[in-house]
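# Residue-level structure breakdown
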Amino acid sequence: MYVILVYDIGEKRVGKMLKHCRKYLNWIQNSVFEGEITEVKLKELVYNAKKIMKEEEDSLIIFKSRNERWLDKEIIGQERMSTDNFL
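Residues numbered from 1 in each chain as written. Predicted model: local features only at pLDDT ≥ 70, side-chain atom pairs only at ≥ 80, totals over all residues. Heavy atoms only, no water.

Short version of the rule: UniProt positions are given in the numbering used here, feature names are shortened, and annotations may be inferred rather than shown by experiment.
If you look the chain up in an unreviewed UniProt entry, it shows as CRISPR-associated endoribonuclease Cas2 from Arcicella rigui. Recorded under Subunit (unreviewed entry), the UniProt text for the chain is reproduced unchanged: "Homodimer, forms a heterotetramer with a Cas1 homodimer."

What follows is the structure in structure tokens.
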């Protein structure tokens, strides 16, 4: 499945969450990630993210799609991290 993940995490925990999410998805902008991921890997990502975050203060939002081709993506300005050049 294709996902877009967005988080809003307290300043003290943001570095840990960034490193954690980069293990699974492509970092595209500040607290935004995207990429193909299996259901099992997504559950693993969420399980470990919950250990980092404080659920009463922080948020993690995941948009899911069966396939990337169902999304239209338009970038205006500088793209932070291009995913088109991966082999």
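Now that the structure has been shown, we can carry on.
## Comments concerning unusual backbone geometry
The line we're drawing: Strands here are runs of E lasting at least two residues and helices are runs of H or I lasting at least four, both read from the DSSP assignment and numbered beginning at the N terminus.
The backbone of asparagine 30 shows a phi angle near 30°, a positive value even though the residue is not glycine. Mapped onto the fold, asparagine 30 is located in the loop between strand S2 (26–29) and strand S3 (32–36).

## Some thoughts on the nonpolar core
As a reminder of what qualifies: Only buried residues count toward a nonpolar core. Its members are Ala, Val, Leu, Ile, Met, Phe, Trp, Tyr and Cys residues joined through side-chain atoms within 4.5 Å. Relative accessibility decides the category of a residue: with a 1.4 Å probe and only protein chains considered, values under 20% of the type maximum give buried, values over 50% give exposed, and everything between is partly exposed. The contact criterion used is simple: two residues touch if any of their non-hydrogen atoms lie within 4.5 Å.
Counting residues in each nonpolar core, the largest one holds 15 residues, and the members touching the most others are Leu5, Tyr7, Met17, Leu25 and Ile37. At the level of secondary structure, the elements contributing two or more residues to this core comprise strand S1 (2–8), helix H1 (14–22) and helix H2 (39–52). Ranked by the residues each element gives to this core, the list is headed by H2, at 4 residues. In this structure, tyrosine 7 is in contact with Val14, Met17, Leu18, Cys21, Asn30, Ser31, Phe33, Ser59 and Leu60, ignoring residues within four places of it in sequence.

## Side note on the side chain of aspartate 58
Note the cut-off: Any N or O atom pair separated by 3.5 Å or less is treated as a polar contact, with the protein-specific requirement of one donor-capable and one acceptor-capable atom, and with residues adjacent in sequence counted only for side-chain atom pairs.
Position of aspartate 58 relative to the elements: it lies in the loop between H2 and strand S4 (59–65). A polar side-chain atom of aspartate 58 sits 3.0 Å from the main-chain amide nitrogen of glycine 10. Polar side-chain contacts of aspartate 58 include one of 2.9 Å to the side chain of arginine 13. The residues touching aspartate 58, leaving out its near neighbours within four places in the chain, are Asp8, Ile9, Gly10, Arg13 and Met53.

## Some details on the UniProt feature "binding site: Mg(2+)" (unreviewed entry) in the chain
Residues annotated in UniProt with the feature "binding site: Mg(2+)" (unreviewed entry) correspond here to Asp8. For aspartate 8, the location among the structural elements is in strand S1. Take aspartate 8: its relative accessible area is 53%, and that puts it in the exposed class. Not counting residues up to four positions away in its chain, the partners in contact with aspartate 8 are Asp58 and Ser59.

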